[in-house]
Amino acid sequence: MITCTNCETPQFLQITQSRVYFEDGEMINEISETYECTLCEGTGQYVYDDDRDEATVSGDVELTKERPKQA
């Protein structure tokens, strides 16, 4: 789950930009999302690279292993 490092919650995060890159027109090669926290106005970016099977984050967001709770 992606959370705001300032507020320590994902509750106020909004995706402001999202891109999916296709290397060969069929398989997803990279996913890039830009986030903004509506509570503290922090910003950050999440990038997943399928070639390296690696996710990276930068800015005021962090990637946790916590899963959202089911309602």
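Look up a bit, the structure's there.
These numbers were taken from a predicted model, which means no experiment stands behind them.

## A word on the nonpolar core
Here's step 1: Counting residues in hydrophobic clusters, the biggest one holds 7 residues: Ile-2, Cys-4, Leu-13, Tyr-35, Cys-37, Tyr-46 and Val-61.
Here's step 2: If you list the elements that add at least two residues to this core, you get strand 1 (2-4) and strand 3 (28-37).

## Structural notes on the side chain of Ser-32
Here's step 1: Its place among the elements puts Ser-32 in strand 3.
Here's step 2: Among the polar contacts made by the side chain of Ser-32, one reaches the side chain of Gln-45 at a distance of 2.9 Å.
Here's step 3: When neighbours within four sequence positions are excluded, Ser-32 is seen to be in contact with Gln-17, Ser-18, Arg-19, Tyr-21, Gln-45, Tyr-46 and Val-47.

## Description of the sheet that holds strand 5 (residues 54-59)
Here's step 1: Strand order across the open sheet formed by 4 strands is 2-3-4-5, with antiparallel pairing between neighbours. The sheet is open, and its two borders are formed by strand 2 (13-22) and strand 5, each paired with just one other strand. The mean angle between the axes of side-by-side strands here comes to 15°, regardless of whether they run parallel or antiparallel.
Here's step 2: Two elements, strand 2 and strand 3, share 9 bridges in a ladder whose sense is antiparallel. Across the sheet, residue Gln-17 finds its bridge partner in strand 3, namely Thr-34.

Calculation notes
- Residues numbered from 1 in each chain as written.
- Predicted model: local features only at pLDDT ≥ 70, side-chain atom pairs only at ≥ 80, totals over all residues.
- Heavy atoms only, no water.
- Core = buried A, V, L, I, M, F, W, Y, C linked by side-chain atoms within 4.5 Å.
- Buried < 20%, exposed > 50% of the residue type's maximum accessible area, 1.4 Å probe, protein only.
- Helix = DSSP H or I, 4+ residues; strand = E, 2+ residues; numbered from the N terminus.
- Polar contact = N/O pair within 3.5 Å; in protein donor to acceptor, adjacent residues only side chain to side chain.
- Contact = heavy atoms within 4.5 Å.
- Pairing = 2+ DSSP bridges.
- Axes fitted to C-alpha atoms, helices over the stretch in contact; angles between N-to-C directions.

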